[in-house]
Amino acid sequence: MNLALYGYGPAEDREWIIIDCGVSFAGPEHPGVELVLPDISFIEAHRDSLHGIVITHAHEDHYGALLSLWPRLKVPVFATPFTAGMLQAKREGEPGAPKIPVTVFRAGERFKVGPFDLEAINVTHSIPEPVSLAIRTPLGTVLHTGDWKIDHHPALGDPTDEKRLREIGEEGVLAIVCDSTNALREGISPSESEVGESLTDIIEKSPGRVAVTTFSSNVGRIKAVALAAAAAGRQTLLMGRSMRRVVDVANELGYLDGVPPFVDESEFGYLPRDKAVILMTGSQGEPRAALARIARDDHPQIALSKGDLVIYSSRTIPGNERGIVDIQNLLIERGIDILEDGDALVHVSGHPRRAELRQMYDWIKPRIAVPVHGESAHLTAHEELAKSLGVKEVVRVRDGRMLRLAPGAAEIVEQVPFGRLYRDGFLVGNEEEMGIAERRRFSYAGHVSVLVELAGNSDLRDDPDVVCVGLPKRDGEGDDMEELLIDAVAEAVESIPRQRRKDNELVREAARRAVRAAANNAWGKKPMVTVFVTRG
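As the structure is a computational prediction, the values presented were derived from the model and not from experiment.

Regarding the environment of R513
For R513, the location among the structural elements is in helix α15 (residues 504–523). Accessibility expressed as a relative area gives 56% for R513, which makes it exposed.

This is how it looks when you write it as structure tokens:
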């Protein structure tokens with residue numbers, strides 16, 4: 001997820017803008033959580049000097065946290081028409097979401113946000129209207145690249161604006177803050193138009209149904225699939241709420257002009273097998289997405305059968321491998337063929353490889369390079385590449401580190417609070433506030449509820465009540481687990497001198513410890529335990 005803060009001025013009177021406000025997706029280590037958001041507590045404390053949020057493009061990891069975090073900041077938002085349309089469509093799909101005022105800008109335009117003079121520069125990426133931002137201040141210009149690549153024949157929009165980037169480089173650039181996602185890969189990323197040609201060939205040669213799963217935001221890929229289907233005499237059926245939302249916005253802005261109308265899911269049964277292309281979500285193994293339901297054969301309207309083909313026109317986001325493989329195994333078990341990026345040209349990255357990075361540095365000629373947007377291996381590779389290109393200063397930054405670019409040499413000058421927030425249902429909070437650590441413990445070792453009823457003389461009124469959730473029913477010798485724990489609680493309480501049993505907290509802690517010890521002896525794990533003590 002991406003959120004960058006740019007500040008100008010002395011520490012006691014600094015003014016700020018935010019570039020991008022994205023989300024990440026929760027993995028199994030965050031049970032129940034839908035989204036991971038950046039912790040914005042630092043800029044919340046400086047909200048009075050925050051002038052706006054500028055979004056480079058409408059990928060979730062760059063704009064997906066706006067609806068959740070904007071109410072904490074309530075500052076102007078600046079975005080391109082497509083990003084603004086996507087934000088509005090997302091808001092309409094989330095009851096209670098805030099209405100965010102958006103100022104629309106387009107590539108090639110200059111506008112001011114607080115003390116910053118911004119220029120949006122057209123670049124190519126796997127979504128409409130991505131921009132790099134030239135951020136001008138009296139102390140120098142910073143180029144924030146956002147996500148980009150060099151594609152001379154993009155499926156949508158214009159190529160990366162080499163002319164304007166060269167001109168900005170001639171003006172003089174203090175620093176480049178640059179995408180590192182593909183910094184480990186040599187060469188140049190293939191063009192999106194080449195993917196369209198490859199998909200056309202594959203679809204034309206396929207005897208059965210063809211299903212293509214891709215990122216819903218990749219409008220160029222959606223268009224390429226639809227045109228490839230039409231060239232093969234097929235109709236394209238669109239599946240998935242997020243994909244339909246993107247297509248609606250893209251249609252409104254004219255990005256899908258010339259594409260034949262998409263077929264509704266209700267018409268699937270009327271399409272001959274060799275005349276159907278199904279475009280759907282689910283490329284990352286999402287269990288509730290269209291592809292997962294089809295793989296499980298529990299979709300009410302759409303089905304695939306032996307000899308059909310599923311094309312993964314996407315890359316695997318690290319962490320999603322298990323879910324993807326599980327779905328692919330279900331498909332293969334039913335005789336459905338799988339085609340991935342390693343098998344044919346069905347996907348290209350929207351990020352620059354090393355030759356493209358070299359080209360950007362040649363255009364911009366920055367004094368300082370700041371590699372961002374990648375894991376440690378990517379950032380380190382980018383750092384080494386920039387040094388090899390003769391950049392005077394290459395700065396290693398990580399989350400929370402405040403980097404002074406000017407005046408003077410580039411230097412880390414402060415460590416500010418950072419971290420993660422979690423969106424779960426309607427709520428947003430940190431790990432403690434959302435109870436995530438307890439969920440992890442619960443998922444690992446279950447939970448035991450205990451009720452201890454004491455009579456007026458502090459004797460047990462009856463056997464303790466024990467309810468186990470997520471524990472084995474029986475131990476290794478076949479004895480009932482709940483009965484074992486009941487005996488352990490009763491023994492622990494009765495071992496306390498009667499006079500001391502008047503202390504409810506003492507009784508509660510003795511019962512809790514007894515359950516954990518007994519479970520550990522029988523099972524090898526210590527569950528979470530909640531004990532209630534009542535008196536009659």
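Here we look at the packing of helix α11 (residues 354–364) against helix α12 (residues 376–388)
The geometry of α11 relative to α12 is characterised by a closest axis approach of 11 Å and an angle of 45° between their N-to-C directions. Relative to α12, the element α11 lies oblique. The hand of the α11/α12 crossing is right-handed. From α11, R354, L357, R358 and Y361 reach across to α12, where they touch A381, H382, L385 and A386.

Remarks on the pattern of salt bridges
When the charged atoms of two side chains lie near each other, side chains of opposite charge can form a pair. Under the defined criterion, the tally for this structure stands at 34 salt bridges. Of the charged contacts, one joins R296 and D298 as a salt bridge, the two residues approaching to 3.3 Å between their closest N and O atoms. Accessibility expressed as a relative area gives 40% for R296, which makes it partly exposed. We classify D298 as partly exposed; its relative accessible area is 38%. One salt-bridge network, held together by shared partners, links E119, R136, K163, R164, E167 and E171.

Overview of the packing of aromatic side chains
Think of a pair of aromatic rings as described by two things: how far the centres are apart, and how the planes are tilted against each other in angle. Following the criterion strictly, the structure yields four aromatic pairs and no others. Considering the side-chain rings of W16 and F42, the 5.6 Å spacing of their centres and the 90° angle between planes classify their relative orientation as edge-to-face. Of this pair, W16 sits in strand β2 (residues 15–19) while F42 sits in helix α1 (residues 41–44), placing them 26 residues apart in sequence. Between F78 and F111 the ring centres are 5.6 Å apart and the planes differ by 20°, which places this aromatic pair in the stacked class. One end of the pair, F78, is in strand β6 (residues 77–79); the other, F111, is in strand β8 (residues 110–113), and 33 residues separate them in sequence. An aromatic cluster of at least three residues, connected via ring pairs, comprises F78, F105 and F111.

As for the sheet that holds strand β26 (residues 528–535)
What the three strands build is an open sheet, ordered β25-β24-β26; its pairing is mixed. Since the sheet does not close on itself, it has two edges, and those belong to β25 (465–469) and β26, each with one partner. Sheet twist, expressed as the mean angle between neighbouring strand axes with direction ignored, is 10°. Strand direction decides the pairing type here: strand β24 (residues 447–454) and β26, joined by eight bridges, are parallel. Across the sheet, the residue bridging to V452 is V533, located in β26. This element, helix α13 (residues 436–445), spans β24, β25 and β26 of the sheet and lies at about 95° to β26.

A few points about unusual backbone geometry
At the junction of A406 and P407, the peptide bond is cis and its omega measures out at 0° in the coordinates. Looking at the element boundaries, P407 is found in the loop between β20 (401–404) and β21 (411–415). Positive phi values are uncommon outside glycine, yet D20 reaches one of about 70°. Note on placement: D20 falls in the loop between β2 and β3 (24–25). A relative accessible area of 1% places D20 in the buried class. Even without glycine at this site, H373 takes up a positive phi of about 60°. Tracing the chain through its elements places H373 in the loop between β18 (368–372) and α12. Classification of H373 by relative accessible area gives partly exposed; the value is 21%.

Here's the deal with the environment of R367
Looking at the secondary structure, you find R367 in the loop between α11 and β18. Its relative accessible area of 30% is what places R367 among the partly exposed residues. Once residues lying within four places of it in the same chain are set aside, the contact partners of R367 are V173, L174, V391, K392, E393, L405 and G408. At a separation of 3.3 Å, a polar atom in the side chain of R367 contacts the main-chain carbonyl oxygen of G408.

Considering the nonpolar core
Counting residues in hydrophobic clusters, the biggest one holds 62 residues, and the most contacted among them are I53, I55, L66, L73, F82, V219 and I311. A total of six residues in this core trace back to one element, the largest contributor, which is helix α7 (residues 219–231). Membership of the second largest hydrophobic core comes to 27 residues, among which are L471, A492, V493 and V533.

Notes on the side chain of S349
When you line up the elements, S349 lands in the loop between β17 (337–339) and α11. A relative accessible area of 12% places S349 in the buried class. In this view, S349 contacts K149, N182 and S189; residues no more than four positions away in its chain are not counted.

Focus: the environment of Y255
Here Y255 shows up in the loop between α8 (241–252) and β15 (276–280). Using a relative accessible area of 18% as the deciding quantity, one classes Y255 as buried. With 181 residues separating them along the chain, Y255 and K74 place their C-alpha atoms 31 Å apart.

With respect to the sheet that holds strand β5 (residues 50–54)
One open sheet accounts for five strands, arranged β1-β2-β5-β6-β7; its pairing is mixed. This sheet does not close on itself; its edge strands, each paired only once, are β1 (4–8) and β7 (102–104). Adjacent strand axes in the sheet meet at a mean angle of 25°, parallel and antiparallel pairs treated alike. Taken together, the two bridges between β5 and β6 define a ladder with parallel strand orientation. Residue pairing in the sheet places I53 in a bridge with V77 of β6. Along the sheet face, helix α3 (residues 66–73) touches β2, β5 and β6 and points at about 170° away from the line of β5. Sheet contacts for helix α4 (residues 81–92): β6 and β7; angle to β7, the most-contacted strand, approximately 150°.

Parameters at a glance
Residues numbered from 1 in each chain as written. Predicted model: local features only at pLDDT ≥ 70, side-chain atom pairs only at ≥ 80, totals over all residues. Heavy atoms only, no water. Helix = DSSP H or I, 4+ residues; strand = E, 2+ residues; numbered from the N terminus. Buried < 20%, exposed > 50% of the residue type's maximum accessible area, 1.4 Å probe, protein only. Axes fitted to C-alpha atoms, helices over the stretch in contact; angles between N-to-C directions. Parallel < 35°, antiparallel > 145°, perpendicular 65-115°, else oblique. Left-handed = near helix turned anticlockwise from the far one by under 90°. Contact = heavy atoms within 4.5 Å. Salt bridge = Lys/Arg side-chain N within 4 Å of Asp/Glu carboxyl O. Phe/Tyr/Trp six-rings, centres within 6.5 Å; stacked < 30°, edge-to-face > 60°. Pairing = 2+ DSSP bridges. Polar contact = N/O pair within 3.5 Å; in protein donor to acceptor, adjacent residues only side chain to side chain. Core = buried A, V, L, I, M, F, W, Y, C linked by side-chain atoms within 4.5 Å.

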